[in-house]
Amino acid sequence: MNEHYPFKLMILPYEYNSLEPYIDEETMKIHHLGHLKTYVDNLNKILANYPKLHNWSLEKILYNISSIPKEIKLAVKNNAGGVYNHNLYFNSLSPKKEINLSTNFENTVKKQFGSFDNYLSELKEKSLSVFGSGYSYVVLDIEGNIMIITTKNQDTPLELNLYPLLPIDVWEHAYYLKHKNKRVEYIEDIFKVINWNIIEKRYNDFFRFNSNLL
Ligand code: MN3
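Here is a short report on the structure shown in this document. Since we're looking at a predicted model, the values are computed, not measured. For every chain, the first residue of the written sequence is number 1, and numbering continues from 1 onward in sequence order. For a predicted model such as this one, the threshold for reporting local features is a pLDDT of at least 70, and the threshold for listing and counting side-chain atom pairs is 80 or more; totals across whole chains, interfaces and linings nevertheless cover every residue. Note that water and hydrogens are dropped before the side-chain values are worked out from all heavy atoms of the structure.

### Some remarks on the coordination of the manganese ion
Operational definition: Each metal site lists N, O and S donors within 2.8 Å (3.2 Å for Na, K and Ca). With water left out of the atoms, a site can look as if it is missing ligands. Secondary structure counts use DSSP, requiring at least four H or I residues in a row for a helix and at least two E residues in a row for a strand, with both numbered from the N terminus. Three labels apply to residues, based on accessible area from a 1.4 Å probe with only protein chains included: buried if under 20% of the type maximum, exposed if over 50%, partly exposed otherwise in between.
Note on the manganese ion: its protein donors are H31 (NE2), H86 (NE2), D169 (OD) and H173 (NE2). The metal-donor distances range over 1.9 to 2.1 Å. Binding-site remark: the manganese ion is held by donors from one chain whose sequence spacing is H-x54-H-x82-D-x3-H. Here H86 is found in helix α3 (residues 73-91), whereas its partner D169 is found in strand β3 (residues 163-169), with 83 residues between them in sequence. When sorted by exposure, H86 lands in the same class as D169, which is buried.

And the structure:
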């Protein structure tokens, strides 16, 4: 994600209806064309009069939020975070059923959590524990340990110096049309469409480019 102002709406790597029956077409459409597009448009609007920030990437903005002019700081944090988290979320999903877990990430999960099922249980529990709007987030700490945290609103792990692997959007807009108030059913469904190959790639990138990423 090295793009900078004016930010563009990401292109989904699959069709709106391709995560059916787990995540429905209407939710995907509104989430992408409605919610995410609004964050992109708002961010561009806010940055329009700040040319010094026009060559900053999303990551640079979020890592350096304290140096953003104070009259736009909160709005930039919320909207840049909204773009960053959603780009990562949508890119973490896939309709492909043949996704295999592969070696490095899975091995570390097993070492730290005992089994992949234990890890998924903890991820589910954390996802259910988010009060109000936010995310459960699988991240790496600076030493490469896997952690599962929760974040509020559109906060990102970058601000905490953590490296993001997988965000699970638990804002109601991510599931309410189909799953209504049953967040647990959404979590079980989202587990069926996570692209673990992408998570593995992000995991390996951390160790390949460690010093550049944090
Ligand atoms: Mn969302």
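Next comes the rest of the description.
### Some details on the pairing of strand β1 (residues 134-140)
Rules: Should DSSP find at least two bridges between two strands, the strands are regarded as paired.
With seven of seven residues buried, β1 lies mostly within the body of the structure. Judged by which residues are buried, β1 turns out to be covered on both faces: G134, S136, V138 and L140 on one side and Y135, Y137 and V139 on the other are all buried. Across seven bridges, β1 lies against strand β2 (residues 146-152) in antiparallel orientation. Residue pairing in the sheet places V139 in a bridge with M147 of β2. Counted along the chain from β1 to the antiparallel partner β2, the turn is five residues long, and its residue G144 has a positive phi close to 90°. By the bridge criterion, six bridges tie β1 to β3 in an arrangement that is antiparallel. Its bridge partner being in β3, Y135 is matched across the sheet by D169.

Read these as layout, nothing more, since geometry by itself doesn't imply function.
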